[in-house]
Amino acid sequence: ELTLRLLNRDDPLILNGSKNRRAFCYITDALTASQKVMETPTTDGKVLNIGNDQEETSILDLTMSLLEIAGFHPNIVELDAPQGSPERRCPDLSAIRKLTDYEPSIPLSQGLRDTFAWYSKVSQPTTTPN
């Protein structure tokens, strides 16, 4: 959603929960982890987190990185997070690491560049209702 708003050149750019912290996982890492789980018999019946716990970031820092990639510098309006939104979300990968050799491999900076490039190719700017 954020990438689409940047491509759409939303200004001001509204950020809900800008101080909240998140850990993001690039799609190829998620697919690799899923495949390793499916191919490992000892994971049968287990509940495992899949993700990337190596580069936790705030929503504001994530946004600033994406703005740099987009070459766009809108006015940013920071609002509180929606009610019930956790302040921090980062997966515990200890179980999947113990049962498989899964390790996230795509750095956040590369994932952001690749994601922005993909959305740039497939998305058409739309008019945002005011």
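Bear in mind that the values here come from a model prediction, so they are computed numbers and not experimental data. (Residues numbered from 1 in each chain as written. Predicted model: local features only at pLDDT ≥ 70, side-chain atom pairs only at ≥ 80, totals over all residues. Heavy atoms only, no water.)

**Q** Is there a simple way to explain a nonpolar patch on the surface in this structure?
**A** A contiguous nonpolar patch, built from Ile-14, Val-77 and Leu-79 and spanning about 200 Å² of accessible area, is present on the exposed surface. Taking relative accessible area as the criterion, Val-77 reaches 31% and is therefore assigned partly exposed. (Patch = residues over 30% accessible without salt bridge, like charges linked within 9 Å, V, L, I, M, F, W, Y side chains within 5 Å. Areas by Shrake-Rupley, 256 points an atom, 1.4 Å probe, with all protein chains shown as cover. Salt bridge = Lys/Arg side-chain N within 4 Å of Asp/Glu carboxyl O. Buried < 20%, exposed > 50% of the residue type's maximum accessible area, 1.4 Å probe, protein only.)

**Q** I'm lost on the pattern of salt bridges in this one. Help?
**A** A side chain of one charge can pair with a side chain of the opposite charge if their charged atoms are brought near each other. Scanning all chains against the criterion turns up seven salt bridges. Between Arg-21 and Glu-56 there is a salt bridge, with the nearest N and O atoms lying 3.5 Å from each other. Placement of Arg-21 in strand β2 (residues 21-22) and of Glu-56 in the loop between α2 (27-39) and β3 (57-58) is noted, with a sequence separation of 35 residues between them. With a relative accessible area of 32%, Arg-21 lands in the partly exposed category. (Helix = DSSP H or I, 4+ residues; strand = E, 2+ residues; numbered from the N terminus.)

**Q** What should I look at first to understand the nonpolar core in this one?
**A** Across soluble globular proteins, nonpolar side chains have a tendency to be buried as a group. Core analysis: the biggest nonpolar cluster contains 13 residues, and Leu-2, Leu-6, Leu-62 and Leu-66 have the highest contact counts within it. Residue assignment for this core shows that the elements contributing at least two residues are α1 (2-7), β1 (13-16), α3 (59-70) and α5 (108-122). For this core, the element with the highest residue contribution is α3, accounting for five residues. With near-sequence residues (within four places) excluded, Leu-66 lies in contact with Leu-2, Thr-3, Leu-6, Leu-112 and Phe-116. (Core = buried A, V, L, I, M, F, W, Y, C linked by side-chain atoms within 4.5 Å. Contact = heavy atoms within 4.5 Å.)

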